[in-house]
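# Results of the structural survey
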Amino acid sequence: MPIFDYIATDARGKQVRGAIEADGQASAINQVREKQYFPTRVTERRVKAKAAAGGGSSALQFQIKIPGMAGRVSSKQLTPFTRQLSTLIDAGLPLIRSLSVLRKQMKPCNLKDILGTVSEDVEGGNTFSEALAKHPRAFSKLFINMVKAGEVGGVLDTVLQRLTDFSEKSATLQRKIKGAMIYPVVVIFVIFGVLAIIFKFVIPSFVKMFKDFKTELPLPTRILIQINHSIHSKEALLIPVAIIALIIIFKLIMKTRKGGAAIDKIKLKLPVFGPLVQKLVVARFSRTLGTLISSGVPILQALSITKETAGNVVVARAIGNVHDSIREGETIAGPLEDSRVFPPLVTNMIAVGEETGNLDEMLVKIADTYDDEVDTAVTGLATTMEPLLIIFMGTIVAFIVISLFLPLITLAMSMSS
């Protein structure tokens, strides 16, 4: 009878290793579960020996298919796949069959290649979450841990549906932000385009004409001519170089621990954009943690994942303090309130959720509320920027027109007198 090596976790989450005899892999998995263990890997011992002694095509295939190197997968591909997989599993199809059906209907892409490897790993005795974990560039820790929680609780279809809802709401918020910023960006490009045309073709013609004037030019005209001269000089090339250098320096500072923390702290305190950044991080924190807890992920593990996806060093530190607080038997709301990043309304709602045992539902409500607030804030910011940009553009154009025609007016007045 074949011997199967297994790796499992007990009720306390401790890893257990062992070997059992069984007729097949399914029987081996059942025997491990009868021991009150959750199997994470079950492989036939002689299969492993063949692979080690093999050579040939199997060895070559192992060298080529390096786990985690298959490339990234966009949310536009992953979200529909997750929803469809949830539907198929809910309909009663086995996991391997569901993966095969979805893979066949896909066009050639990274996700299709990855699913082929995932299917082979699941057929070889790995759990679905363990197979996904071999591709960290394609599947986030949030995705993998929620799938693992769904496997443990026997509610994989429900967890996949929650993952889909999470992805769709996050994508919807990003689309709203990008959509609201399209008009200001277009206006800015138009402003620079108009200025480029004016300084390239219009102002040089007037400068040539002003050279024939024997009178002193007005101050605005002299300023405009000096600006035009600076733009057309070789020193002007230093401007884009300086901008690129500043961007590189900024990114290097962001990569340092202290620099990243300082910049993230400044982001939260900016006059106009600070409140918007705060709403964004609160919404992301609440939705991520609420989704993980509702899917059955242990609270400490859920906090660790949320910390990694916070997107802000200051918020990540606050979540780290919450993690330590929970480990010592305290509450979540206290450390969040001490961080001064989360508004009192949020910490009070979290405290109520802890007291009533509905923390996951409360977090999702907070996320929905702040998603709406972010949408409103972004729309209001874009609406405010529109007239400001128009006024800015009008002021520049007015200054240029006045500077160009003021000498002509002065000359006309001197000739008439």
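These figures come from a predicted structure and were not determined experimentally.

Thresholds, definitions, all that
Residues numbered from 1 in each chain as written. Predicted model: local features only at pLDDT ≥ 70, side-chain atom pairs only at ≥ 80, totals over all residues. Heavy atoms only, no water. Core = buried A, V, L, I, M, F, W, Y, C linked by side-chain atoms within 4.5 Å. Buried < 20%, exposed > 50% of the residue type's maximum accessible area, 1.4 Å probe, protein only. Helix = DSSP H or I, 4+ residues; strand = E, 2+ residues; numbered from the N terminus. Contact = heavy atoms within 4.5 Å. Arc of directions from axis to C-beta. Patch = residues over 30% accessible without salt bridge, like charges linked within 9 Å, V, L, I, M, F, W, Y side chains within 5 Å. Areas by Shrake-Rupley, 256 points an atom, 1.4 Å probe, with all protein chains shown as cover. Salt bridge = Lys/Arg side-chain N within 4 Å of Asp/Glu carboxyl O. Lys, Arg positive; Asp, Glu negative; His and termini not counted. Charge placed at Lys NZ, Arg CZ, Asp CG, Glu CD. Axes fitted to C-alpha atoms, helices over the stretch in contact; angles between N-to-C directions. Parallel < 35°, antiparallel > 145°, perpendicular 65-115°, else oblique. Left-handed = near helix turned anticlockwise from the far one by under 90°. Phe/Tyr/Trp six-rings, centres within 6.5 Å; stacked < 30°, edge-to-face > 60°.

## So, the nonpolar core
If you look at the biggest cluster of nonpolar residues, it comprises 63 residues, and the most contacted ones within it are Phe-81, Leu-85, Phe-128, Phe-139, Phe-342 and Ile-350. Here the element with the most residues in this core is helix H15 (residues 313-327); it accounts for seven residues. When residues no more than four places from it in sequence are discounted, the contact partners of Phe-128 are Leu-85, Leu-95, Leu-99, Val-118, Val-122, Val-147, Glu-151 and Leu-156.

## A few points about helix H5 (residues 95-104)
In an α-helix, one turn spans 3.6 residues, which is why side chains three or four residues apart end up on the same side. Within H5, the full set of buried residues consists of Leu-95, Ser-98, Leu-99 and Leu-102. What you see down the axis of H5 is that its buried residues fit within an arc of 100 degrees, all on one side. Lining the buried residues of H5 we find helix H4 (75-90), helix H6 (110-123), helix H7 (128-133) and helix H9 (156-210).

## So, a positive patch on the surface
A cluster of basic side chains, namely Arg-257, Lys-265, Lys-269, Lys-307, Arg-317 and Arg-340, defines a positive patch on the protein surface. In terms of residue count, the dominant contributor to the positive patch is helix H12 (residues 257-269) (three residues). Positionally, Arg-340 belongs in the loop between helix H16 (333-339) and helix H17 (344-356). Residue class for Arg-340 comes out exposed when judged on its relative accessible area of 78%.

## Overview of the packing of H9 against helix H10 (residues 219-232)
For the pair H9 and H10, interaxial distance at closest approach is 11 Å and the crossing angle is 125 degrees. Taken together, the axes of H9 and H10 lie oblique to each other. Judged by the twist between their axes, the crossing of H9 over H10 is left-handed. Residues Phe-199, Lys-200, Ile-203, Pro-204, Val-207 and Phe-210 of H9 lie in contact with H10, whose contacting residues are Thr-221, Leu-224, Ile-225, Ile-227, Asn-228, Ile-231 and His-232.

## Description of the packing of aromatic side chains
This model, assessed by the stated rule, comprises four aromatic pairs. Both rings, one in Phe-285 and one in Phe-342, keep their centres 5.0 Å apart while their planes meet at 65 degrees; by these two values the pair is edge-to-face. Residue Phe-285 is located in helix H13 (residues 273-294), and its partner Phe-342 is located in the loop between H16 and H17; the two are separated by 57 residues in the primary sequence. For Phe-285, a relative accessible area of 2% translates into the label buried. Residue classification places Phe-342 among the buried residues on the basis of a relative accessible area of 5%. Pairwise contacts between aromatic rings join Phe-206, Phe-210 and Phe-405 into one cluster.

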